[in-house]
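Spelled out from the first residue to the last, the chains are:
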Amino acid sequence: MFEVELAQRRKKLLKALKGDPKKLLVLGLGLILVFLIVLYLGPLEGLKQFGLITQKKESARAESLTRPQIDIGVDAYTKDIPSQPSGLTFVYKNITPGNSNVTPTYIQVAYTYNLKPVLVVYTNNDSTTVDWPTWDATMNAIKADGREVWVVVEPDLLGMIRNNKTCGTVGKADIDRFLSTKPSNAHLGLLLSGWNLGDGNQKWSWSPSQEAIEWKACLTSAGGDRIEDVYFDFSDRDQEFRNTYPWPQSRITMWETFAKELSGQLGKKVGIWQIPMGNSQCQNGRRSNIVETWLTSVKLNELSPYVNRLLFGPGVEDSVNAQSWNLSTYTKYDCGLFNQKVTNLYGSVPTPTPTPTPKPKSPPCYFTDSNGNQRGYGDVNADGWIDNTDLGLVMSSNLTVDQKKAADVNGDKLLNVGDLLLMAKYLQNMIGTFPVCPVPTPSP
Ligand SMILES: [Ca+2]
Ligand SMILES: [Ca+2]
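Residues numbered from 1 in each chain as written. Chains lettered and ligands numbered in written order. Predicted model: local features only at pLDDT ≥ 70, side-chain atom pairs only at ≥ 80, totals over all residues.

## A short note on the overall build of the protein
- Assigned secondary structure in the protein consists of 17 helices and 10 strands.
- The proportion of buried residues among the 444 residues of the protein is 38%.
- For the protein, restricting intrachain contacts to residue pairs at least 6 apart in sequence, the fraction spanning at least 24 positions comes to 72%. (Helix = DSSP H or I, 4+ residues; strand = E, 2+ residues; numbered from the N terminus. Buried ≥ 20, exposed ≤ 12 C-beta atoms within 10 Å, placed from the backbone. Contact = placed C-beta atoms within 7 Å.)

Listed below in structure tokens is the structure:
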């Protein structure tokens, strides 16, 4: 249509111009003017002014309005929850043996930022012995909070049990106990590892369908079909450390096929956990290419019939190299790709169950800082308000003396999740002041 219209216009113009050098000059000047306007406004805006790209823009807008059906989560420390990109559904945290005391704070801070908490409970460490004290303490904390929490049994308990061929005995006993001790607000999930699918050298012996059939058999004899969620992890995150990234498409396809086969065998969608982050195009170049491969609307649409959630991070973790946790300080290692992808795909459209983000509040009390100015407790960046930005700053490493004082809202001279939790509660109107604030003296 458009081309036909253009051709007609051109014909008309040529006809009118025939034998008239004056008109030709006007046309030439006109074209130069158009060129200059496009140059001045930039190609996109300039072309839009001349009606050349409206159609394309409309369809792009329509696509961004469709939220992908797969929910995205990321491994995040409590202190990094406030700086996660909008559009995320889950944040997750590993509960290591004896460390269940972090559970109440984690649930609280996650919900403060409209994020659903996933707790990956390290019931054991590559053995078939479950750390029941840590499990029971975690379940009690979830029950006490009362809000929904997603729980994953890790690491590879069922994998060890399957290798030992004790799914119907040890596996059954464990699953019975998991189910009988979890509170009703905990969504219980099991981690099913795909160990037999490959190793660090990118060789794999079993086909994805064979692996899925074996898992179905193990779960059936262990009564695992009563568990709500199943997850698997790539085998495994440490390959980032072994320099085997970026993965060839064949290897990514193998894991996609496993998700499909497992979902088919179990009759439910599966979650994928501990997906390495990073960006193969950025910085040190030995990073994962999964974020760029999967976080596109086309790929998410393709995976959505058999995958319900993708939980990213961590990858390699050591003192020299970046890990794949989505910490604000580590964006330099993925050039911010993960945050950008999540924001583009999910951030611009409302989440299915929107709840209001906490509104900024003025501080409950003030102190005199080193410059003699009044400064509010909880207002770390001294803009007069307590909001998400301040929460994000509480545990950062380079605060000034005055900022540290403002952030220490319980007055114990330490900056930790205790202060973060108090600030989150204050923003949610759950408390009216901070412990550091003087108790008002009753007026006579
Ligand atoms: Ca502030
Ligand atoms: Ca403190």
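## Details of the packing of helix H9 (residues 208-222) against helix H10 (residues 249-266)
- Orientation of H9 relative to H10, taken along the N-to-C sense of each, is 35 degrees, at an axis distance of 8 Å. Judged by the twist between their axes, the crossing of H9 over H10 is right-handed. Contacts from Pro208, Ser209, Glu211, Ala212, Ile213, Trp215 and Lys216 of H9 reach H10 at Met254, Thr257, Phe258, Glu261, Leu262, Gln265 and Leu266.
- Per-class residue counts for the contact of H9 with H10 are eight nonpolar, three polar and three charged. (Axes fitted to C-alpha atoms, helices over the stretch in contact; angles between N-to-C directions. Left-handed = near helix turned anticlockwise from the far one by under 90°. Nonpolar A, V, L, I, M, F, W, Y, C, P; charged D, E, K, R; others polar.)

## Some words on the sheet that holds strand E8 (residues 307-312)
- Taken together, the eight strands give a closed barrel; going around it, the order is E1-E2-E3-E4-E5-E6-E7-E8, and neighbouring strands pair in parallel fashion. Strand-to-strand twist in this sheet, taken as the mean axis angle between neighbours without regard to direction, amounts to 25 degrees.
- Taken together, the three bridges between strand E6 (residues 229-233) and strand E7 (residues 270-275) define a ladder with parallel strand orientation. From the neighbouring strand, Asp233 faces E7, where its bridge partner is Trp273.
- Along the sheet, helix H5 (residues 103-112) contacts strand E2 (90-95), strand E3 (116-122) and strand E4 (149-154); its crossing angle with E3, the most-contacted strand, is approximately 155 degrees. (Pairing = 2+ DSSP bridges.)

## Structural notes on the nonpolar core
- Counting 92 residues, the largest nonpolar core has Ile272 and Met423 as the members making the most contacts within it.
- The biggest single contributor to this core is helix H17 (residues 417-427), with seven residues.
- Residue contributions to this core reach at least three from each of two domains, namely domain 1 (71-347) and domain 2 (366-427).
- Once residues within four sequence positions are removed from consideration, Ile272 is found in contact with Tyr231, Phe232, Ala259, Val307, Leu310 and Leu311. (Core = buried A, V, L, I, M, F, W, Y, C linked by C-beta atoms within 7 Å. Domains from an automatic or database assignment.)

## Examining unusual backbone geometry
- Positive phi is not limited to glycine here, since Gln274 has a value of about 60 degrees.
- Within the secondary structure layout, Gln274 lies in strand E7.
- Note on Gln274: 24 C-beta atoms within 10 Å, which makes it buried.
- Positive phi values are uncommon outside glycine, yet Lys413 reaches one of about 65 degrees.
- In this fold, Lys413 is placed in the loop between helix H16 (401-407) and H17.

## Comments concerning the pairing of E2
- Across the six residues of E2, five count as buried, placing the element largely inside the fold.
- Summarising the sheet, strand E1 (residues 71-75) and E2 pair through three bridges and their orientation is parallel. When the bridges of E2 are listed, Gly73 appears paired with Phe90.
- In this structure, E2 lies alongside E3, joined through six bridges in parallel fashion. Note that in E3 the partner of Ile95 across the bridge is Val121.
- Once the chain exits E2 it traverses H5 before rejoining the sheet at E3, and the crossover so formed is right-handed. (Right-handed = clockwise from strand over helix to strand, strands pointing away.)

## Description of the confidence of the model for the protein
- Of the residues in the protein, 72% reach a pLDDT of 70 or more, and the chain-wide mean stands at 79.
- Within the protein, the lowest mean pLDDT, 43, falls on helix H4 (residues 54-64), and the highest, 96, falls on helix H8 (residues 167-181).
- Contacts of residues 41-63 to residues separated by more than four positions or lying in other chains number 13 contacts, the stretch itself having pLDDT below 50.
- Note on residues 325-329: pLDDT under 50 across the span, and 15 contacts to partners over four residues away in sequence or across chains. (pLDDT = per-residue confidence, 0-100.)

## Considering H5
- Most of H5 is tucked away: seven of the 10 residues are buried.
- When we look at burial in H5, the residues that qualify are Thr103, Tyr106, Ile107, Gln108, Val109, Ala110 and Thr112.
- Where H5 is buried, its residues meet E2, E3, helix H6 (132-145), E4 and H17.
- Looking one or two residues past H5, Asn114 carries a phi angle of roughly 60 degrees, positive in sign.

## Focus: the environment of Ser86
- With respect to the helices and strands, Ser86 occurs in the loop between E1 and E2.
- Take Ser86: there are 14 C-beta atoms within 10 Å of it, and that puts it in the partly exposed class.
- When the C-alpha atoms of Ser86 and Gln340 are compared, they prove to be 9.9 Å apart, with 254 residues separating the residues in sequence.
- With residues near it in sequence (within four places) discarded, Ser86 still touches Thr343 and Gly347.

## What about the environment of Thr112?
- Relative to the helices and strands, Thr112 is located in helix H5.
- In this structure the C-alpha to C-alpha distance between Thr112 and Leu427, which are 315 residues apart in sequence, comes to 8.5 Å.

## Comments concerning the environment of Ala137
- As for its position among the elements, Ala137 is in helix H6.
- According to the C-beta neighbour criterion, Ala137 is partly exposed, with 17 such atoms within 10 Å.
- Taking the C-alpha atoms as reference points, Ala137 and Ser100, separated by 37 residues in sequence, lie 6.1 Å from one another.

## Observations regarding the pairing of E3
- In terms of burial, E3 is largely enclosed, as seven of its seven residues are buried.
- Alternating positions in E3 separate into two faces, Lys116, Val118, Val120 and Tyr122 on one and Pro117, Leu119 and Val121 on the other, with burial throughout.
- Pairing geometry for E3 and E4, over five bridges, is parallel. The partner of Val120 across the bridge, within E4, is Val152.

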